[in-house]
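Here are the chains, one letter per residue:
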Amino acid sequence: MASWARQVSRWCCLLQSARAAEFPGRLSGRSSSTQACRGFTPLPSRNDVLPWRWQAYRRVCVGSCSPSGSAKDGSFSSPESTLPSPVKQEQAKAETLPDLNAKIPYEDWDDISPSSALEEISEEEAVQIIAEPLLPLQSSTLRDYVDHSETLAKLVHLGVDLSQVEKRQKAGQLLLTLDFEKDIRKILLFLKDVGVEDNQLGPFLTKNPYILAEDLETLETRVAYLKSKKFGKAEIAQMVSRAPYLLLFSVERLDNRLGFFKNELGLSVKKTKDLVLRLPRLLTGKLEPVKENLQVCQIELGFQRNEIQEIVFKTPKILTASKKRLKQTFDYLHNIMGIPHHMLTRFPQVFNSKLLRIKERHMFLTFLGRAQYDPAQPSYISLDQLVSLPDEVFCTEIAKASIQDFEKFLKTL
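Every value quoted in this text rests on a predicted model; they were computed, and no experiment measured them.

**Q** Summarise the overall build of the chain; cite the residues concerned and give the values.
**A** A tally of regular secondary structure across the chain gives 24 helices and zero strands. Within the chain, the proportion of its 413 residues that are buried is 34%. Of the contacts formed within the chain by residues at least 6 apart in sequence, a portion of 70% connects residues at least 24 apart. Accessible area for the chain stands at about 25,800 Å²; split by element, carbon and sulfur atoms hold 53% of it.

Shown next as structure tokens:
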């Protein structure tokens, strides 16, 4: 209650003093106001509690509301003439307007009314307001979170392509929950220790961001298993770089994959190791396409088991190739060009070539009368020379013609 009475007293004094200073002439002709001010009597309850504050307030009201004219014209005489000099001095002090720029004591801060949200501000103050962009609650792209996430910003600086990461299932949500220093740094150091180059860390994490959620001890266990299978440090680094998902596979699954290729193809331990070194994704891809291609080679294409072993060992990609493309290429080589199985087994790289390239060059050699693929005959042309040489070298050394002749021939097809 004391605080309320103090605030009421202060504002009443300021209001009456301001009116007296701003409108002296208006108050001079209103004797009734003077009488009203003189007749002001504080409320009994307030007077009992804080009598001195109400007396000071009365003095301000009397001094502010009294007229300035003399008694010669019949008006009331100024009350200043009837007041004692000490009272006049006290009144003069009370009528002095307070300095609004003066510092307010700490104990009076609770009396200051809080600023309103609707209070008008100047243009200079408005310009200085910095509104931070709101973090979207839901978004379909990680780009909206890069400015708010230190982890995403550092991954971008590392070379991670977030536009590709967000296409992978729940990969974007995973990155938003990770802390770079706590969760990611240790995985980066582990990958560098395995042998992944610094400039390959970004592309590696772009392809396999899920490794960031793996337990470090588990990853080290999987690397230790590969070492136990006689894979060297450089070989492990090559396999991990070319097959980023390799370290997501458990030790049991890796062991089963190696056992599958060893038993299914009848390869030795060394040849099995060389096979997965040449195509590490054989350990991470699905086994169904591999099984289907092995059946196609044996049943539909007519290769023997030992021939399949040699073809697969020389060209591991044949295990993951499209069955349709594999059959079309074999059909043209074997049934149109007349290449026997044993020749295809010696040069299985021909299955990796485009069928259109094989057709164009074979037809050009046939046009020139040089399509000879029997090693027992003169002017023999191997399948490797047929598909691997550039057009200029093929024309001058194999077809014995100019590149212009070859280009003219292609226009007639």
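**Q** Any chance you could break down the confidence of the model for the chain for me, citing the residues and the numbers?
**A** Close inspection of predicted coordinates is inappropriate in any region flagged by low pLDDT. Looking at the chain as a whole, its pLDDT mean stands at 78, while 69% of the residues score no less than 70. Scored below 50 in pLDDT, residues 21–98 makes 68 contacts in the model with residues more than four places away or belonging to other chains.

**Q** So what's going on with the side chain of N208? Which residues, and what values?
**A** Residue placement: N208 occurs in the loop between α12 (201–207) and α13 (216–228). Looking at N208, the relative accessible area reads 0%, which means it is buried. Apart from residues lying up to four places away in sequence, N208 is in contact with P244, Y245 and L248.

**Q** So what about a negative patch on the surface? Which residues, and what values?
**A** Residues E119, E120, E123, E124 and E125 make up a contiguous surface patch of negative charge. Among the structural elements, E119 can be located in the loop between α6 (85–95) and α7 (123–128).

**Q** Tell me about the packing of helix α16 (residues 269–278) against helix α18 (residues 305–314), residues and numbers included.
**A** For the pair α16 and α18, the least separation of the axes is 9 Å and the interaxial angle reads 45°. The pairing of α16 with α18 is recorded here as oblique in orientation. Judged by residue contacts, K271, D274, L275 and R278 of α16 engage V312, F313 and K314 from α18. Taken together, the residues of the contact of α16 with α18 sort by class into three nonpolar, no polar and four charged.

**Q** Give a detailed account of the environment of M363, specifying residues and quantitative values.
**A** Relative to the helices and strands, M363 is located in helix α21 (residues 355–368). Along the chain, M363 and L413 lie 50 residues apart, while their C-alpha atoms are 9.4 Å from each other. In contact with M363, other than residues within four places in its own chain, are Y332, F409 and L413.

**Q** Describe in detail helix α11 (residues 180–194), supporting the description with residues and values.
**A** The α-helix advances 3.6 residues per turn, and as a result positions three or four apart in sequence lie on the same side. Look at α11: 20 Å from first C-alpha to last across 15 residues, which is about the 21 Å you get at 1.5 Å a residue. All buried positions along α11 are accounted for by F180, D183, I184, I187, L188, F190, L191 and V194. The arc enclosing the buried residues of α11, seen along the axis, measures out at 160°, which places them on a common side. Those residues of α11 that are exposed and aimed more than 90 degrees away from the buried face are K182, L189 and D193. At the exit of α11 stands G195, carrying a positive phi of roughly 130°.

**Q** Describe the packing of aromatic side chains, listing the residues and the values that go with them.
**A** Summed over all chains, the structure comprises six aromatic pairs. Ring centres of F364 and F409 lie 5.4 Å apart, and the angle between their planes is 50°; on these two criteria the pair is classed as tilted. Of this pair, F364 sits in helix α21 while F409 is found in helix α24 (residues 403–411), placing the two residues 45 residues apart along the sequence. Ring plane angle 65° and centroid distance 6.1 Å describe the contact between F394 and F406, whose orientation is recorded as edge-to-face. Of this pair, F394 sits in helix α23 (residues 391–398) while F406 sits in helix α24, and the two are twelve residues apart along the sequence. Taken together, the ring pairs connect F364, F367, F394, F406 and F409 into an aromatic cluster. One Lys or Arg, K271, reaches over the ring of F313 and ends 5.3 Å from the middle of that ring. Lying over the aromatic face of F231, K273 brings its terminal NZ or CZ to 5.7 Å of the ring centre.

**Q** Explain unusual backbone geometry to me, using residue names and the numbers behind them.
**A** One non-glycine residue with positive phi stands out, namely K170, at about 60°. For K170, the position within the fold is in the loop between α9 (162–165) and α10 (171–177). On the basis of relative accessible area, K170 is assigned to the exposed category, the value being 61%. Not every positive phi belongs to a glycine, and K230 is a case in point at roughly 70°. With respect to the helices and strands, K230 occurs in the loop between α13 and α14 (233–242). Judged by relative accessible area, K230 falls into the exposed class, the value being 64%.

Conventions used here
Residues numbered from 1 in each chain as written. Predicted model: local features only at pLDDT ≥ 70, side-chain atom pairs only at ≥ 80, totals over all residues. Heavy atoms only, no water. Helix = DSSP H or I, 4+ residues; strand = E, 2+ residues; numbered from the N terminus. Buried < 20%, exposed > 50% of the residue type's maximum accessible area, 1.4 Å probe, protein only. Contact = heavy atoms within 4.5 Å. Areas by Shrake-Rupley, 256 points an atom, 1.4 Å probe, with all protein chains shown as cover. pLDDT = per-residue confidence, 0-100. Patch = residues over 30% accessible without salt bridge, like charges linked within 9 Å, V, L, I, M, F, W, Y side chains within 5 Å. Salt bridge = Lys/Arg side-chain N within 4 Å of Asp/Glu carboxyl O. Lys, Arg positive; Asp, Glu negative; His and termini not counted. Charge placed at Lys NZ, Arg CZ, Asp CG, Glu CD. Axes fitted to C-alpha atoms, helices over the stretch in contact; angles between N-to-C directions. Parallel < 35°, antiparallel > 145°, perpendicular 65-115°, else oblique. Nonpolar A, V, L, I, M, F, W, Y, C, P; charged D, E, K, R; others polar. Expected span 1.5 Å × (residues − 1). Arc of directions from axis to C-beta. Phe/Tyr/Trp six-rings, centres within 6.5 Å; stacked < 30°, edge-to-face > 60°. Lys NZ or Arg CZ within 6 Å of the ring centre and 35° of its normal.

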